[in-house]
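Summary of structural features
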Amino acid sequence: MAGIAAGCSSKKNPFEGYAGDDVQASGETVKLLSVDGEVIEIDKAFLKPVPYVPPISNSEARKGIEGKKFVMVIDLSRCKNVKACQSACNHMHHVHPGQNWIKILAMQDADHEAPYWEPTTCMHCDEPPCVKVCPVDATFKRQDGAVLIDSDRCIGCRFCMAACPYSTRVFNWGDPEVPKEIADQPYSCETSLPQKKGTVGKCDFCADMTRKGQLPHCVSACPNGVFLFGDENEDSVTNGAETFRFSQLIKDKAGYRLMEDLGTKPRVYYLPPVNRNFPFESGLESQEESDKKYNSK
Ligand code: SF4
Ligand code: SF4
């Protein structure tokens, strides 16, 4: 192939013979290290991007991270309905337009009580009803606490959606609207990408981020430090700026779990909305703005 530039090495250029006839040399070259440890010079036109390969196998992804027991704490006294968590989650997971894995609910427990904002995610239950009803083992509980979905196995029966008492799962009715590089990458149940039509989606505790030792996207995105994430085995949770002893925080601030009486044993804890950092009303504006933003899509 005439277009390939001469190598620095006297050896045969390893790219020769791989380039298609329709590729024209650009004249711009780059130096690369060959597998033989030699520096070779290649025309840029013949470079191909390395396809994304999930860093771990499906069976490793199903096992989870040994020695970890991930836990989340959501501090309701700090939430102002900014929805940065929801936007970050939707963006990073390419959640279908009109759907949300994180929902921020306006709550009022009784007529005489003050309203508050309650972000909800998958609770990553230790006794997950969704996992028990899945007929094909597509949704599963990992040793590190995360409940994930393998969309390659999911047959879209939606038994899990009916079984989840927290209504956290969503059904992908259509093809995902994702950039080509995401659509072309091999599916990973740790990234939940690319999502597939006819399957179920939900919060995955950002399993790809936790494998890298990083915080889930909602935790990092929240400007008010509402979400705390960590490892129950290390008895530590953090929002990136502050770190707390998990057991002490739950004890001191009367932490609780949603629908405790069902025996699902959620891995997401809540701190009650007492001594709130923001009045409820100051979040109404951002809800309207957010509604407008989503309705205009
Ligand atoms: S919150 Fe629902 S989807 Fe998540 S683990 Fe519990 S039962 Fe399953
Ligand atoms: S919809 Fe998919 S994940 Fe849910 S129960 Fe059916 S097969 Fe399992």
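Relevant structure appears above.
Residues numbered from 1 in each chain as written. Chains lettered and ligands numbered in written order. Predicted model: local features only at pLDDT ≥ 70, side-chain atom pairs only at ≥ 80, totals over all residues. Heavy atoms only, no water.

1. Notes on the environment of Asp184
Its place among the elements puts Asp184 in helix 5 (residues 180-184). Separated by 10 residues in the primary sequence, Asp184 and Pro194 have C-alpha atoms spaced 8.0 Å apart. (Helix = DSSP H or I, 4+ residues; strand = E, 2+ residues; numbered from the N terminus.)

2. As for the nonpolar core
Ranked by size, the top nonpolar core spans 39 residues in total, and within it Met72, Ile74, Phe205 and Phe227 carry the most contacts. Within the residue set of this core, elements represented by two or more residues are strand 3 (70-75), helix 2 (84-93), strand 5 (116-120), helix 7 (217-221), strand 10 (227-231) and strand 13 (268-271). Among the elements that line this core, the one with the most residues is strand 3, at 3 residues. Residues contacting Ile74, with those up to four places away along its chain left out, are Pro119, Val226, Phe227, Val268, Tyr269, Tyr270 and Leu271. (Core = buried A, V, L, I, M, F, W, Y, C linked by side-chain atoms within 4.5 Å. Buried < 20%, exposed > 50% of the residue type's maximum accessible area, 1.4 Å probe, protein only. Contact = heavy atoms within 4.5 Å.)

3. Description of the sheet that holds strand 12 (residues 243-245)
In spatial order, the strands read 12-11-10-3-13; together these 5 strands make up an open sheet with mixed pairing. Looking at strand neighbours, the two that pair on one side only are strand 12 and strand 13, the edges of this open sheet. Here the average twist between neighbouring strands, direction ignored, is 25°. In terms of strand pairing, strand 10 meets strand 11 (residues 236-238) through 3 bridges, oriented antiparallel. Looking at the pairing, Phe229 lines up with Thr238 of strand 11. (Pairing = 2+ DSSP bridges. Axes fitted to C-alpha atoms, helices over the stretch in contact; angles between N-to-C directions.)

4. Focus: the packing of aromatic side chains
Tallied over the full model, the rule gives 6 aromatic pairs. Between Phe205 and Phe229 the ring centres are 5.1 Å apart and the planes differ by 90°, which places this aromatic pair in the edge-to-face class. Of this pair, Phe205 sits in the loop between strand 9 (200-201) and helix 6 (207-211) while Phe229 sits in strand 10, and the two are 24 residues apart along the sequence. Accessibility classification places Phe205 together with Phe229 in one group, the buried group. Arranged with centres 5.2 Å apart and planes meeting at 80°, the rings of Phe246 and Tyr269 form a pair that is edge-to-face. Taken together, the residues Phe246 in helix 8 (residues 246-252) and Tyr269 in strand 13 connect sequence positions 23 residues apart. Here Phe246 matches Tyr269 in class, with each residue buried. Joined through ring pairs, the aromatic side chains of Phe70, Phe205 and Phe229 make up one cluster. (Phe/Tyr/Trp six-rings, centres within 6.5 Å; stacked < 30°, edge-to-face > 60°.)

5. Topic: helix 2
Residues Cys85, Gln86, Ala88, Cys89, Asn90 and His93 constitute the buried set of helix 2. Where helix 2 terminates, the next one or two residues include His94, which has phi positive at roughly 50°.

6. Looking at the pairing of strand 1 (residues 29-33)
Sheet analysis places strand 1 next to strand 2 (residues 39-43), joined by 5 bridges and oriented antiparallel. Its bridge partner being in strand 2, Leu32 is matched across the sheet by Ile40. The hairpin formed by strand 1 and strand 2 contains 5 residues between the paired strands, and Gly37 there has a positive phi angle of roughly 85°.

What is shown is where atoms sit, not what they do.
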